[in-house]
Each structure stands twice: as C-alpha cells, then as structure tokens.
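# An overview of the molecular structure
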Amino acid sequence: MVFWLLVITLPFVLLVGCVAVAGTLAGQPTGDAHRLSQTGDTTGARPQSTEATPATDETAAEAEPSQAPAPEPAPRSYRGVSAKVLKLRKSDWTNVWLVSFTHRGTSNFIVEPLDPRGAAQSAIVNEIGTYKGTVLLNEEDGSETAALKIQADGSWTVTLEPLSMTRVWSGAAVDGRSDDVVRLDPRSSGLTTVNARHSGSSNFIVDAYTENGEENLVNEIGSWHGEVPLPDGTILVTIKADGVWSLKKS
C-alpha cells in the first residue's frame, strides 16, 4: 500500500531562526559565522584605507592577530537503495549545506534530519515516486544534523555542497523544475515585484531570505501564477514545487 503524504506549510515569517544563512550570504558576520561558507557577495563590504598608521608600543600591544576565515567544506556524495540512516561526519554536523537528492522509486521518498541525540526534525523532502531537487540543511541558528533518515523504495543519491555553489539568479528571470535554491546577484534593492508561476499538482512554496531573516512569498497548491513583492535586500530564494516554475522580476 502506498501512503500519500502531503505537507502543507502555512504562510509564516521567521525573523530569527534563519539569520545565520542570510547574514552569511550577505557577507555579514553572525554569531555562528564559523558554520557557514561565503558565497562571494561583497556588496556590503566597506573600502579599506590605504594610509599607513605608525605603530607605537601601546597600539602594538593591543593589536590582535587576524583570524583567517574557516575554509568552506568540500562537497560530499552518497548513494544507496531503500531505507537508510545516513550518518554524517561529525565535522559536518553544523555546516549549512545545499543538499541535492535524487530518487528512483514508486513509493514514499522522505528525508528527515536527525540531531545528535537521534531525534527526528521536520522532513526536508516528502514526495512520492521519482524525485530530483535541492533544499537547504541546517539553515537555522543552532541546528545540528548528525544523520539523515531516508525512507525510500528505490535507489537514491545525496550530494552535500557549500552555499557558494548555489545557482545564481543574475538576470530578470529564473526557472526550474521541482525543489531548488537560487541566490540573487546582485541582491534586490527597493521596490521589486516578482511574477511567479507554477505548473504542478502539489505544494508551491517560495521563501525569501534577507539579512533580517526569512519571509514567505507564496504558499499555494497546484498550478498557480501571480505577482508578489520581493523584500528589499533579498539574497536567497528557496522554491518548493513538484512541477515547472518560473520567477520573473517586474
């Protein structure tokens, strides 16, 4: 028997939980900056003075050695068949990852992060049959994922990549199929609206990340199109969809 599972996420605004991701994508420091990898956005950087300042004994004593940023994690790839608890390297537990999945099967494909105590968190993928998509992992401050609990009836692959490998949305429009994550380059500025379109039968959810957190833009079921405002300073957008989608700035 195939159990059809459909998760409907209500619209919400999170202004705290996802600040680490937004801050990192904007090139801004956060309390957990060591967890994240930079994506190359330097629009918020200030120019450095080129004038030399003579050093004194007092200033030399107060000077602290600069700390080099932690290197971004290398991509990880895994594959398997059927149900599996995929244990991650301990050094990867707190990294914010861009995670791509594939599944070749006919029944449920569900992926739930497990914390270091083995407690299951909200599913990051919950689909039926063949699947291919990309989602975020550990985007909330304090998140730790020790393993991924995978429910599948066919073969699957998992690829973990640093945020620097996020697909870039640099022009007026971007499109795709299924779940995805895109990074705006440059980030949005001022009043910007987006025409969103989805051709599918299940959830169509679009969320925007700024330096202040996450904001839900679209939360619909099935085929849909409409215009929504894009928050000022949007750096990253996540899309949950089961069909073809497009986003076009207007």
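This section reports on the structure supplied with the text. It should be emphasised that the depicted structure is a prediction, and the values quoted were computed from it without experimental measurement.

Secondary structure summary: the protein contains 2 helices and 18 strands in total. With 250 residues in all, the protein has 44% of them scored as buried. Pairs at least 24 apart in sequence give 74% of the contacts found in the protein among residues at least 6 apart. Split by element, the accessible area of the protein, about 13600 Å² in all, is 52% carbon and sulfur.

This next bit is on the sheet that holds strand β4 (residues 97-104). As summarised here, the arrangement of the 4 strands in space is β2-β9-β4-β7, forming an open sheet in which the pairing is antiparallel. Bordering the open sheet on either side are β2 (76-81) and β7 (131-137), each of which pairs with just one other strand. Adjacent strand axes in the sheet meet at a mean angle of 15 degrees when their direction is disregarded. By the bridge criterion, 7 bridges tie β4 to strand β9 (residues 155-161) in an arrangement that is antiparallel. Within the sheet, the bridge partner assigned to R104 lies in β9 and is S155.

On to the packing of aromatic side chains. Applying the stated criterion across every chain, the model contains 3 aromatic pairs. Aromatic side chains F109 and Y131 sit 5.8 Å apart centroid to centroid with 40 degrees between the ring planes, which places their arrangement in the tilted category. Linking F109 in strand β5 (residues 108-114) with Y131 in strand β7, this pair joins segments that are 22 residues apart in sequence. Pairing F204 with W224 gives two aromatic rings, centres 6.2 Å apart and planes at 45 degrees, and the pair type is tilted. Here F204 is found in strand β14 (residues 203-210), whereas its partner W224 is found in strand β16 (residues 224-230), with 20 residues between them in sequence. Here W224 falls in the partly exposed class, since its relative accessible area comes to 22%. Among the aromatic side chains, those forming a connected cluster through ring pairs are F101, F109 and Y131.

Attention now moves to the pairing of strand β8 (residues 147-151). Bridge count between strand β3 (residues 84-87) and β8: 4 bridges; the pairing is antiparallel. If you follow L86 over to β8, its bridge partner there is L148. One ladder, built from 5 bridges, connects β5 with β8; its direction is antiparallel. Its bridge partner being in β8, P113 is matched across the sheet by L148.

This brings us to unusual backbone geometry. With an omega of 5 degrees, the peptide bond running from D185 to P186 counts as cis. In this fold, P186 is placed in the loop between β12 (180-184) and β13 (192-199). With a phi close to 65 degrees, N138 is a non-glycine residue in the positive phi region. Inspection of the secondary structure assignment puts N138 in the loop between β7 and β8.

Ordered in space as β3-β8-β5-β6, the 4 strands form an open sheet in which the pairing is antiparallel. Only two strands of the sheet have a single partner each, and these edge strands are β3 and β6 (125-128). With strand direction ignored, the average angle separating the axes of adjacent strands in the sheet is 15 degrees.

A separate point is empty space enclosed by the protein. Within this structure, the stated rule accounts for 1 cavity of 30 Å³ or more. Taken as a whole, the largest cavity encloses approximately 40 Å³ of empty space. Those elements giving two or more residues to the lining of the largest cavity turn out to be β13 and β16. Looking at the lining of the largest cavity residue by residue, the class counts come to 9 nonpolar, no polar and no charged.

About the criteria used
- Residue numbers restart at each chain and count upward from 1, following the sequence in its written direction.
- In view of the model being predicted, local features appear only for residues whose pLDDT reaches at least 70, and side-chain atom pairs are presented and counted only at 80 or more, with totals across whole chains, interfaces and linings using the full set of residues.
- Side-chain metrics rest on all non-hydrogen atoms present in the structure, leaving aside hydrogens and water.
- Secondary structure elements follow DSSP: runs of H or I of four or more residues count as helices, runs of E of two or more count as strands, with numbering from the N terminus.
- Residue exposure (1.4 Å probe, protein chains only): buried if accessible area is under 20% of the type maximum, exposed if over 50%, otherwise partly exposed.
- Only heavy atoms enter the contact rule, under which two residues are in contact if any of them lie within 4.5 Å.
- Accessible surface is estimated by sampling points in the Shrake-Rupley manner with a 1.4 Å probe; for residues, cover comes only from the protein chains shown.
- Strands were regarded as paired on the criterion that DSSP finds at least two bridges between them.
- A fitted line through C-alpha atoms serves as each axis, taken over the contacting stretch for helices, and the angle formed by two N-to-C directions is quoted from 0 to 180°.
- Pairing of aromatic rings covers Phe, Tyr and Trp, the last through its six-membered ring, and needs centres within 6.5 Å; plane angles under 30 degrees mean stacked, over 60 mean edge-to-face, and all others mean tilted.
- With a 1 Å grid spanning the protein atoms alone, the term cavity applies to any set of points in which a 1.4 Å probe fits but cannot get out, the term pocket to an open set with protein on both sides within 12 Å along at least five of seven lines, and the term lining residue to any residue with an atom within 4 Å of a point.
- Grid points are joined across faces, edges and corners, and a volume is the space filled by probe spheres set on the points.
- Residues are sorted three ways: Asp, Glu, Lys and Arg are charged, Ala, Val, Leu, Ile, Met, Phe, Trp, Tyr, Cys and Pro are nonpolar, and all the rest, Gly among them, are polar.

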